[in-house]
Every structure is written in C-alpha cells, then in structure tokens.
Amino acid sequence: MVDNGIFPTDSDVADLCNINTEDLLMSSETLFPENFSELDVANAQLTVPEHWDKYPNMEAIETKFGLDIGIDPGENQNWLYNLKMNKVFIKLNSVMTVTVSYKPYDAANLSLRAMIVYTSPDDMHLQVKRCANHKAANIYSIDHQDVPVDHILKCYHPHAKYHGSENAQLFGDRLSIVVPLDRPVVNEIGIANETIKWEFLCQNSCTTGINRKSTAVIFTLENEAFEIIGKKVMPFKVCSCPKRDMQREDTSIISRKRESKDIPHGKRPSKMVCSAEIKVEPPTPSPVKNYEQPFPDTQTSHTVTLTMPNKESMKHVLRCAFNEVTGAMARGSNNYEVYADKIQGLLNSL
C-alpha cells in the first residue's frame, strides 16, 4: 500500500488489532471521569429507602439529631398556632415562618422534606392535591407560576425542589417539597437553626380538593441517601377565620367559656337564666303549711342556676321540673305547693 499520508499503512492496521479493549476503557475513564461520576450517581439512585415503597404515616421519629419544628404562636389575623393542639390555623395565601432545629453532628448535605397528608387512617393512602379552582388560579398568578399546579404547599427557599405525581400513593412518589438545609445558624450549644417560609395555596373547605378532611404536614429530616433521620408532624387547617376555627376545636377554650358563661362565636343564643329551688328529697311531714316562707325546708332544697340557648329549651326544662314536683304532690308529699307555684311563675314569665 502506498503511504500517501491519508490511508493507514499495514503496520498501522496491525497496531490497531493489538490494542487491548480493557486498556482502552481505562484510558477513557482517565480522560472523561465526569461521565463515570454521573453513571455512579444514577446507579446509586436505583437503591431507594425502604419507606419509599410504603404509605406515609403520622408517627414521629426521634433520633440523636433532635429534629424540632418551631412555630411562632403568631397573635395576628392571618395565622395562629395552638401549642396544646400542636396545630396551625392559617388563612389562604398567608406566609408562615417555620424554624427548623437539629443537631448536625458529622452529617452533611441534610435536607428537609415537607409532605401534606390526610390524618385519618381511612384517607391516608390518598394524595392531597389542590382543588380545581385554585389550580386554575395558579395559571394566571404571577406569584405562584413556579409551583406545580397540584401542590398545595409553596416554599420560599431559593433551592426548594418539588417532587411527586398527581395520583401517587406511596411515600416516594407523593407530592412533596425537598429543601436543602444549606443556611443553618449554629448556636453555642451546637444546635443548628434555619428559618423557612411556607405558604398554603388551597383551603381545607374546597370541595374538589381537601373537602373538609383533617390534614397535616409531615416534616422529615433526610440525609444524602434520602433516609429519614428525624420526623415531626404538624396538623393544620387553612380557613377564612383562624381564630374562630381554633376556638371551636380547642376543648380547653370551650370549657373555660362554659365556666365563665361566655357566649360562643357564631349565632348568639338568647340568654335565659332562672334560679329555682327544686325539691330532691321529701321533707318531714308537717301538719302546718307556712306560705310566708318561700322554701320551708332549706336543708333538703337545692338551688340550680341554668343558662339555656333559647326560650323554648328553658320552657322545656321548667315543665319537666313542674311535672316532677306535682308528681310528688300527687304521691302525698307535703309542702310542695310553694315549689310548684314558683316554677309556674317562672313559666308564665317567659
């Protein structure tokens, strides 16, 4: 073959045939290490955590990292946090600040995942997504175009990533937000704190969305392999009047109102108060009936003060009391006329 500088010679072909393919691969790895790095990452992602193939649950996980979610009680008109119930009541499109605290130890590249779930065991397998009206509003909103339309929760962290699909049920495919904890402030005792702002884009009352079900945000502290190393649960309700809804759900508030006779929020009942002595034990028979004293046997009489929601309820209670007293009179009890007269007078005054 003529060597014209363009075509390979016979010696060149022989040299090519003697090249070891393993050496060629090793040379490629040396020349292009970034390709193999990407391949290694892809292979690592094939091994997913065990909990990704399960349904989410409401169980908190305590570890040495000591994850804590701090929420300001908020005394404002847009959102309130009830410490006793560990529940947030917040208005639609209100931004709430959450402080994430943990002990970093030697872990690196930690992240926080936020996932909304239904709290009822019967509904926990269902995906929680935005209603049709608020999905449509998202299209025309300049502020929320960076949030996928199915997500209810928005995060204001610049590196937040939205994950999940619309109809997924298992943990790994649920709608969630993963936030890298890359801006912590570590205090003198080694606790890392980072503040993250969140916003809810749909209400609990939306019929094509949550549809009045109870909901919560699951916060999970995760390492590079997406393993959970801390977990907290925060129930919430997105509503138009946080203070009213919180007072309705907090049993301790309801109990205090009853003790102080405060009228609950909503429809104001007519306040009917009566004070009457009702006989609970028959007195010792006496041949003399003294009507000068209104209640002759104070030792066995009992005074009850009642507050009823309306006039008809009060009348019903008084009729029952009147029937009880007159029944005792029919059975031969003495000195009951004064009680019957008193109750009848109260009935006539209503």
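Located above this text is the structure these notes cover.
Each value, and the rule that gives it
Residues numbered from 1 in each chain as written. Predicted model: local features only at pLDDT ≥ 70, side-chain atom pairs only at ≥ 80, totals over all residues. Heavy atoms only, no water. Helix = DSSP H or I, 4+ residues; strand = E, 2+ residues; numbered from the N terminus. Buried < 20%, exposed > 50% of the residue type's maximum accessible area, 1.4 Å probe, protein only. Contact = heavy atoms within 4.5 Å. Areas by Shrake-Rupley, 256 points an atom, 1.4 Å probe, with all protein chains shown as cover. Polar contact = N/O pair within 3.5 Å; in protein donor to acceptor, adjacent residues only side chain to side chain. Pairing = 2+ DSSP bridges. Axes fitted to C-alpha atoms, helices over the stretch in contact; angles between N-to-C directions. Salt bridge = Lys/Arg side-chain N within 4 Å of Asp/Glu carboxyl O. Arc of directions from axis to C-beta.

Chemist: Mind showing me how you'd approach the overall build of the protein chain here?
Modeler: Along the protein chain, the regular secondary structure elements total 8 helices and 14 strands. Considering the protein chain as a whole, with its 350 residues, one finds that 37% of them fall into the buried category. In the protein chain, of all internal contacts separated by at least 6 residues, the share reaching a separation of at least 24 is 67%. For the protein chain, the accessible area works out to roughly 21200 Å², and carbon and sulfur atoms hold 53% of it.

Chemist: It is not clear to me how unusual backbone geometry should be interpreted in this structure. Could you clarify?
Modeler: Apart from glycine, the bulk of residues carry a negative phi angle, and the bulk of peptide bonds sit in the trans form. Positive phi values are uncommon outside glycine, yet R212 reaches one of about 65°. Tracing the chain through its elements places R212 in the loop between β10 (192–200) and β11 (215–222). For R212, a relative accessible area of 66% translates into the label exposed. Residues other than glycine seldom take positive phi values, yet F226 does so here, at roughly 65°. Within the secondary structure, F226 sits in the loop between β11 and β12 (228–238).

Chemist: Explain the side chain of K154 to me, please; I cannot follow it from the model alone.
Modeler: As for its position among the elements, K154 is in strand β6 (residues 153–155). For K154, the side chain forms a polar contact with the side chain of H144, separated by 3.3 Å. Apart from residues lying up to four places away in sequence, K154 is in contact with D143, H144, D146, V147, Y162, I177, K197, W198, E199 and L201.

Chemist: Can you help me understand the sheet that holds strand β5 (residues 111–118) in this one?
Modeler: Sheet strands pair via backbone hydrogen bonds, and the direction of the pair is either parallel or antiparallel. Read across the sheet, 7 strands follow the order β2-β3-β12-β11-β5-β8-β7 without closing on themselves; strand pairing throughout is mixed. Pairing within the sheet leaves two strands with one partner each, and these edge strands are β2 (79–82) and β7 (161–163). With direction set aside, neighbouring strand axes in the sheet form an average angle of 25°. Strands in contact with helix α5 (residues 242–249) are β2, β3 (87–90) and β12; relative to β3, the strand with the most contacts, it is inclined by about 145°.

Chemist: What should I look at first to understand the pattern of salt bridges in this one?
Modeler: Between side chains of opposite charge, a pair can form when the charged atoms approach closely. For the coordinates displayed, the defined rule picks out 13 salt bridges. Linking K237 and D245 is a salt bridge whose minimum nitrogen-to-oxygen distance equals 3.1 Å. Assessed through its relative accessible area of 24%, K237 is described here as partly exposed. It is possible to trace a salt-bridge network through shared partners that takes in K87, K237, R244, D245 and E249.

Chemist: Please clarify how the pairing of β11 should be interpreted in this entry.
Modeler: Sheet faces and side chains relate simply in a regular strand, where the side chains alternate between the two faces. Of all 8 residues that make up β11, 8 are buried, and the element is covered over most of its length. Going residue by residue along β11, you find T215, V217, F219 and L221 tucked away on one face and A216, I218, T220 and E222 tucked away on the opposite face as well. Sheet topology places β5 next to β11; 8 bridges connect them, and they run antiparallel. Counterpart to V117 in the pairing with β11 is A216. Summarising the sheet, β11 and β12 pair through 8 bridges and their orientation is antiparallel. Across the sheet, E222 pairs through a bridge with I228, a residue of β12. Linking two consecutive strands that pair antiparallel, namely β11 and β12, is a turn of 5 residues; a positive phi of about 65° is found at F226 within it.

Chemist: What should I look at first to understand helix α4 (residues 132–140) in this one?
Modeler: Residues spaced three or four apart along an α-helix point in a common direction, a consequence of the helix completing one turn every 3.6 residues. Along α4, the residues classified as buried are H134, K135 and N138. For α4, the buried positions fall inside an angular range of 110° around the axis, keeping them on one side. Exposed and oriented more than 90 degrees from the buried face of α4 are N133, I139 and Y140.

Chemist: How do you make sense of the environment of T208 when you look at a structure like this?
Modeler: Within the secondary structure layout, T208 lies in the loop between β10 and β11. On a C-alpha basis, the gap between T208 and R130 in space is 8.0 Å, while along the polypeptide they are 78 residues apart. In this structure, T208 is in contact with R130, C131 and A132, ignoring residues within four places of it in sequence. Only 3.0 Å separates the side chain of T208 from the backbone nitrogen of A132, close enough to count as a polar contact.

Chemist: What am I meant to see in the environment of P180 here?
Modeler: Considering the arrangement of structural elements, one finds P180 in strand β8 (residues 176–180). On the basis of relative accessibility, which here comes to 24%, the residue P180 falls in the partly exposed class. Put simply, P180 and K161 are 19 residues apart on the chain and 8.8 Å apart in space, counted from C-alpha to C-alpha. Beyond its immediate sequence surroundings of up to four residues, P180 is in contact with L110, S111, H157, H159 and E194.

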